[in-house]
Amino acid sequence: MKTDVIPKIITLSAGAVVCIVCIVKDIETVYSLEVLLATLIIFYIIGCIAKRIIGQVKDINTVMKHEETETGQEQEDITIGEDMSPDGLENKI
């Protein structure tokens, strides 16, 4: 999922809610525009913070998956190495 659209979606959603509320409550145009501007700025900042947090979580998950893959391969190498003798033949006890 692309995280670039998160601030835009959050900002536009908040703006739409403010517009609908201002129209329903019949609030004065200049005041509703001031409220809308403040809302858009605040929710854009919130969206940017959410984008950054989601990006960091995705990075951490990628690193953890990479480490698990490496650990799994190392464990397979160890188990294969235990079954083999130094000359490459299987040890049969």
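Heads up: these notes are all about the structure in this document. Just so you know, these numbers come straight off a predicted model, no measurement behind them.

## As for the overall build of the protein chain
Here is step 1 of the chain: Looking only at helices and strands, the protein chain has 2 helices and 0 strands in total.
Here is step 2 of the chain: Counting over 93 residues, the protein chain shows a buried share of 15%.
Here is step 3 of the chain: For the protein chain, long-range pairs separated by at least 24 residues make up 63% of all intrachain contacts whose partners lie at least 6 apart in sequence.
Here is step 4 of the chain: Split by element, the accessible area of the protein chain, about 7900 Å² in all, is 65% carbon and sulfur.

## A short note on the side chain of Thr39
Here is step 1 of the chain: Residue placement: Thr39 occurs in helix α2 (residues 29-83).
Here is step 2 of the chain: Residue Thr39 is classed as buried on the basis of its relative accessible area of 13%.
Here is step 3 of the chain: Sequence-distant contacts of Thr39, that is, excluding residues within four places in its chain, are made with Ala14 and Val18.

## So, unusual backbone geometry
Here is step 1 of the chain: The phi dihedral of Asp26 falls on the positive side, at around 55°, and the residue is not glycine.
Here is step 2 of the chain: Its location among the elements puts Asp26 in the loop between α1 (6-24) and α2.

## Digging into the pattern of salt bridges
Working definition: two side chains of opposite charge can pair if their charged atoms are close together.
Here is step 1 of the chain: Counted according to the given criterion, the structure contains 1 salt bridge.
Here is step 2 of the chain: For Lys51, the salt bridge is made with Asp4, and the minimal N-O distance between the two is 3.6 Å. Of this pair, Lys51 sits in helix α2 while Asp4 sits in the segment before α1, placing them 47 residues apart in sequence.
Here is step 3 of the chain: Overall, the relative accessible area of 30% leaves Lys51 in the partly exposed class.

## Brief notes about the environment of Cys22
Here is step 1 of the chain: With respect to the helices, strands and loops of the structure, Cys22 is situated in helix α1.
Here is step 2 of the chain: Between the C-alpha atoms of Cys22 and Leu36, which are 14 residues apart in sequence, the distance is 9.1 Å.
Here is step 3 of the chain: Residues within four places of Cys22 in sequence aside, it is in contact with Ile27 and Ser32.

Calculation rules
Residues numbered from 1 in each chain as written. Predicted model: local features only at pLDDT ≥ 70, side-chain atom pairs only at ≥ 80, totals over all residues. Heavy atoms only, no water. Helix = DSSP H or I, 4+ residues; strand = E, 2+ residues; numbered from the N terminus. Buried < 20%, exposed > 50% of the residue type's maximum accessible area, 1.4 Å probe, protein only. Contact = heavy atoms within 4.5 Å. Areas by Shrake-Rupley, 256 points an atom, 1.4 Å probe, with all protein chains shown as cover. Salt bridge = Lys/Arg side-chain N within 4 Å of Asp/Glu carboxyl O.

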